[in-house]
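# Inside the fold
One-letter residues, chain by chain:
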Amino acid sequence: MHTLCNNKHSKGYIISRKCRSNTIGCIGGLKRVRREKRICMADKLEIRPLHQSEVAAVAALAREIWRTHYPGIISTAQIEYMLDERYSEDAIRKELERGDAWWDVLLRDGEMIGYTSYFWYGDSVERDTIKIDKLYLRERRQGHGARLIGHVAGRMAAQGCRRLLLAVNRQN
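For the structure given in this document, a descriptive report is provided here. Predicted model only: the values in this text are computed from it and were never measured.

## Points about unusual backbone geometry
One non-glycine residue, D109, lies in the positive phi region at around 50°. As for its position among the elements, D109 is in the loop between β5 (101-108) and β6 (111-120).

Here it is as structure tokens:
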């Protein structure tokens, strides 16, 4: 079953409710996704690829987000482990160099407020699924996450992607 979102931030995006567990959200209908650039009246938002020169800024933003949001959901030791393993400058640079993984940043009025990373998922022959591996925002603002997902959907649909996979911590 597909639901067409009609709110001002995600109008035109097709969202699938077909999920195999309550920890995984599936977004389908990518061929029908209409790519729109929407900007809040008060904010100038930009989504663009992460530049190598911004890796340190993304690593710092990840530390800020994880240390603010995750206490109470996972242990401090687990937070620090994840930051060291997946969000260190070296880890981000290695992912950028892979060639089959992408990082994009969300800027509001020129300030980095979020990021996403994604890669081809599953069988390398049938490349029709992208996994959104990371999607984080400094603050909760209606529509910013949907904008990042819509951006990934539009960008990857042009490369033959038909499905997006997004795993989310149940308490997040």
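## A few points about helix α3 (residues 89-97)
Turning to α3, its buried residues number three or more, namely A91, I92 and E95. Seen from one end, α3 has its buried residues packed into an arc of 95°, which puts them on one side. With respect to the buried face of α3, the exposed residues turned more than 90 degrees away are D90, K94 and E97. Contacts made by the buried residues of α3 are with α1 (55-69), α2 (76-86), β5, β6 and β7 (129-137). Count one or two residues on from α3 and you reach G99, which has phi positive near 90°.

## Concerning the packing of aromatic side chains
One pass over the full model with this rule turns up 10 aromatic pairs. Aromatic pair Y87 and Y115: ring centres 6.3 Å apart, planes at 65°, arrangement edge-to-face. Of the two residues, Y87 is situated in the loop between α2 and α3 and Y115 in strand β6; the sequence distance between them amounts to 28 residues. Each member of the pair Y87 and Y115 is classed as buried. Their ring planes at 40° and their centres at 5.6 Å tell us that Y115 and Y136 sit as a pair that is tilted. Here Y115 is found in strand β6, whereas its partner Y136 is found in strand β7, with 21 residues between them in sequence. Each of the two residues, Y115 as well as Y136, counts as buried.

How each quantity is defined
Residues numbered from 1 in each chain as written. Predicted model: local features only at pLDDT ≥ 70, side-chain atom pairs only at ≥ 80, totals over all residues. Heavy atoms only, no water. Helix = DSSP H or I, 4+ residues; strand = E, 2+ residues; numbered from the N terminus. Buried < 20%, exposed > 50% of the residue type's maximum accessible area, 1.4 Å probe, protein only. Arc of directions from axis to C-beta. Contact = heavy atoms within 4.5 Å. Phe/Tyr/Trp six-rings, centres within 6.5 Å; stacked < 30°, edge-to-face > 60°.

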